[in-house]
Amino acid sequence: MRLTEFRELLTEEFGQVRGDSMLVDHVIQSLGGQTGAEAIEAGVDPRDVWRALCSEFDVPRDRW
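Now for a description of the structure that goes with this document. This structure is a prediction, so every number in the text was calculated from the model and none was measured. (Residues numbered from 1 in each chain as written. Predicted model: local features only at pLDDT ≥ 70, side-chain atom pairs only at ≥ 80, totals over all residues. Heavy atoms only, no water.)

**What to know about the overall build of the protein**
In terms of helices and strands, the protein carries 4 helices and 2 strands. Its C-alpha radius of gyration of 10 Å places the protein within 12% of the 11 Å reference for a compact globule of 64 residues. Based on the C-alpha atoms only, the size of the protein along its principal axes is roughly 25 × 20 × 20 Å. Expressed as a percentage of the 64 residues in the protein, the buried residues total 31%. Considering only contacts within the protein whose residues lie at least 6 apart along the sequence, 44% involve residues at least 24 apart. (Helix = DSSP H or I, 4+ residues; strand = E, 2+ residues; numbered from the N terminus. Rg over C-alpha atoms; globule rule 2.2 N^0.38 Å. Buried < 20%, exposed > 50% of the residue type's maximum accessible area, 1.4 Å probe, protein only. Contact = heavy atoms within 4.5 Å.)

This is how it looks when you write it as structure tokens:
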């Protein structure tokens, strides 16, 4: 997944402000206790970050 697609999905699902906040503030345990931004910067595929956020925030599976 491209980073631009990830950002679009994040904004579409959670809104601009909440999505931005989640990306830098929410620690994702399944990604080693990193925030989404940290994980992406460390080389984790944005698709994996997206799926982890969807799982933690109970996004319906069909929107993953």
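**Some details on helix α4 (residues 46-56)**
Residue pairs spaced three or four apart in an α-helix point in one direction, given the helix's 3.6 residues per turn. Every buried residue belonging to α4 is among Pro46, Val49, Trp50, Ala52, Leu53 and Cys54, and all of these are buried. Positive phi shows up at Asp58, right after α4, with a value of about 55°.

**Some thoughts on the packing of helix α1 (residues 3-14) against helix α2 (residues 16-25)**
For the pair α1 and α2, the least separation of the axes is 7 Å and the interaxial angle reads 120°. Comparing the axis directions of α1 and α2 gives the class oblique. Considering how the two elements wind past one another, α1 and α2 form a crossing that is right-handed. Contact residues: α1 offers Phe6, Arg7, Leu10, Thr11 and Phe14, while α2 offers Gln16, Arg18, Gly19, Asp20, Met22 and Leu23. Class assignment for the residues of the contact of α1 with α2 results in 5 nonpolar, 3 polar and 3 charged. (Axes fitted to C-alpha atoms, helices over the stretch in contact; angles between N-to-C directions. Parallel < 35°, antiparallel > 145°, perpendicular 65-115°, else oblique. Left-handed = near helix turned anticlockwise from the far one by under 90°. Nonpolar A, V, L, I, M, F, W, Y, C, P; charged D, E, K, R; others polar.)

**Concerning the pattern of salt bridges**
Applying the stated criterion across every chain, the model contains 2 salt bridges. The shortest N-O distance in the salt bridge between Asp20 and Arg7 comes to 2.6 Å. Here Asp20 is found in helix α2, whereas its partner Arg7 is found in helix α1, with 13 residues between them in sequence. In this structure Asp20 comes out as partly exposed when scored by relative accessible area, which is 27%. (Salt bridge = Lys/Arg side-chain N within 4 Å of Asp/Glu carboxyl O.)

**Some points on the nonpolar core**
With 16 residues, the main nonpolar core has Phe6, Leu10, Val49, Trp50 and Leu53 as its most contacted residues. The leading source of residues in this core is α4, at 5 residues. Excluding its chain neighbours within four sequence positions, the residues that come into contact with Leu10 are Gly15, Gly19, Leu23, Trp50 and Leu53. (Core = buried A, V, L, I, M, F, W, Y, C linked by side-chain atoms within 4.5 Å.)

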